[in-house]
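# Structure assessment
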Amino acid sequence: MKMMRAVVVERPLVFSVKQVPVPATPRDGLLVKVLACGLCGSDLRTLRSGHKNITFPWTLGHEICGTIEEIGDACTSPWHVGDRLAIGPLAYCGTCEFCTSGRHELCENQKELGQHWPGGLAEYVAIPAECVKLGNIQLVPEGMKDTHAAVIEPISSCVHAQEKARVSLGDTVVVFGAGPIGCIHVALAKARGAFRVYLIDIDGNRLAMADAFNPDGTINSAVQDPVEAVRKLTGGKGAEVIIVATPAPIAAVQAVEMAKKGGRIVQFGGLPHHDSKPGIDMNLVHYRGLTIIGTSTFNPRHNRTAMQLVQTGLVPADKFITHVFSLDDFEEGANLALVGKVLKGVYVP
Ligand SMILES: [Zn+2]
Ligand SMILES: [Zn+2]
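Residues numbered from 1 in each chain as written. Chains lettered and ligands numbered in written order. Predicted model: local features only at pLDDT ≥ 70, side-chain atom pairs only at ≥ 80, totals over all residues. Heavy atoms only, no water.

### A word on the coordination of the zinc ion (ligand 1)
- The zinc ion (ligand 1) binds to the protein through C40 (SG), H62 (NE2), E63 (OE) and E153 (OE); the donor distances cover 2.2 to 2.4 Å.
- Taken together, the four donor atoms coordinating the zinc ion (ligand 1) span angles of 85 to 165° at the metal, a pattern that classifies the geometry as irregular.
- Donor residues binding the zinc ion (ligand 1) come from one chain and are separated in sequence as C-x21-H-E-x89-E. With E63 in strand β4 (residues 63-71) and E153 in helix α4 (residues 152-165), this pair connects stretches of sequence that are 90 residues apart. (Donors = N, O, S within 2.8 Å, 3.2 Å for Na, K, Ca; no water. Tetrahedral: all angles 85-135°; square planar, octahedral: opposite > 155°, others 65-115°. Helix = DSSP H or I, 4+ residues; strand = E, 2+ residues; numbered from the N terminus.)

### A closer look at the pattern of salt bridges
- Inspection of every chain in the model, using the stated rule, returns 10 salt bridges.
- E163 is the salt-bridge partner of R301, the closest N and O atoms lying 2.8 Å from each other. Note that R301 is positioned in helix α10 (residues 300-312) and E163 in helix α4, a separation of 138 residues in sequence.
- One salt bridge in this structure joins R206 and D201, with 3.3 Å as the shortest N-O distance.
- Given a relative accessible area of 7%, D201 falls into the buried group.
- Members of the salt-bridge network, linked through shared partners, are R5, E123 and D328. (Salt bridge = Lys/Arg side-chain N within 4 Å of Asp/Glu carboxyl O. Buried < 20%, exposed > 50% of the residue type's maximum accessible area, 1.4 Å probe, protein only.)

### Remarks on the coordination of the zinc ion (ligand 2)
- For the zinc ion (ligand 2), the full set of protein donor atoms is C93 (SG), C96 (SG), C99 (SG) and C107 (SG), at a range of 2.3 to 2.4 Å.
- In the primary sequence, the donor residues of the zinc ion (ligand 2) line up as C-x2-C-x2-C-x7-C. Here the residue C96 occupies a position in the loop between β6 (90-91) and β7 (111-112), and C107 occupies one in the loop between β6 and β7, the gap between them amounting to 11 residues.

### Overview of a negative patch on the surface
- Taken together, the side chains of D225, E228, E257 and D281 define an acidic patch exposed on the protein surface.
- Looking at where E228 falls in the secondary structure, it is placed in helix α7 (residues 226-233).
- Residue class for E228 comes out exposed when judged on its relative accessible area of 58%. (Patch = residues over 30% accessible without salt bridge, like charges linked within 9 Å, V, L, I, M, F, W, Y side chains within 5 Å. Areas by Shrake-Rupley, 256 points an atom, 1.4 Å probe, with all protein chains shown as cover. Lys, Arg positive; Asp, Glu negative; His and termini not counted. Charge placed at Lys NZ, Arg CZ, Asp CG, Glu CD.)

### Details of the sheet that holds strand β12 (residues 217-220)
- The sheet built from six strands is open, its strands ordered β12-β11-β10-β13-β14-β15 with parallel pairing. Whereas interior strands pair on both sides, the edge strands pair on one side only; in this sheet they are β12 and β15 (291-294). Shown here is a sheet whose adjacent strand axes are inclined to one another by a mean of 20°, direction ignored.
- Looking at chain direction, strand β11 (residues 196-201) and β12 are connected through four bridges and run parallel. By the bridge assignment, D201 is partnered in β12 with N220.
- Strand contacts of helix α8 (residues 249-257): β10 (172-176), β13 (239-244), β14 (259-267) and β15, with the helix running at about 155° to β14, the strand carrying the most contacts. (Pairing = 2+ DSSP bridges. Axes fitted to C-alpha atoms, helices over the stretch in contact; angles between N-to-C directions. Contact = heavy atoms within 4.5 Å.)

### A short note on the domain arrangement of the chain
- Structurally, the chain comprises domain 1 (3-151 + 321-348) and domain 2 (156-294).
- Put simply, the middle of domain 1 and the middle of domain 2, counted by C-alpha atoms, are 29 Å apart.
- Taken together, the five residues of domain 1 in the interface contact seven residues of domain 2.
- Counting the surface lost from both domain 1 and domain 2, the interface buries some 500 Å², and carbon and sulfur atoms represent 75% of this.
- Looking only at domain 1, the three residues that lose the most surface to domain 2 are E105, G340 and L343, adding up to 76% of its buried area. (Domains from an automatic or database assignment. Buried area = accessible area lost by both parts, 1.4 Å probe.)

The following block contains the structure:
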């Protein structure tokens, strides 16, 4: 049996690189040799406390760039052995009410590589037919780095969110959360024409790391009331769009309070299950004509736009990826990420 190295998570906070069998090529899917795989915020949550869809031991990783090693006999993919792919992990059923109306992000039967199938923090990953079928896999343009192609996925969700929020020319945008997602939102809001983008976090270190994305101002909400700060920065009016990319419940409350009349609030981050009713003042929503927008995941169209954003440099993947680790150093890298020392880490087998 052919063996490979893979990250195996035994239980929360217990993980290592082990020898495991190379997965079989799915009859109607692909076997991919991994070139780079990102470690996502959701992976960190699973490393910390498990996940409802995952039974340990398990291999995570859904931000994948790799080359096709083998194509299944019954696979109808348009690609060839050796092609380099950026692999979006979401698989949609294609037949539910939402898929058939083009809103794949709301698919009733959505599955994800790294959750429903073993992930890409390994030398090889099997790509099932469900992932091949609906267009979240793209050929990587020549000249693009493997590590850059691996981070198309998190950018796709941000593209979806800002499309829903209609971030537009001249807007003032506030982003809560200076993590990797918050940084993408800053770059993307500017690309969409926002004149001013402010970034809020409770952690000064994270705000310093996010400086590379040139926010027009940062607000440390541990030392400053963010609502007051935004009102001051906007001549008392508030911001057109507020993107909440943090699980902190208080951020949702503050986002509503700092919105300009007619403003849009995007809840991008999920809240802890036991603390997901943060006490928003709905009278502000009513009298100021605010819109609260929910969003998660993305559809293939957003995935394609994300690729172009990286290719054009409008979202600077080189600034976003702060660490490239060898897969053998996964323990070191993941432990650094778990204590917030890594903006985005990508692993190379
Ligand atoms: Zn991800
Ligand atoms: Zn569906």
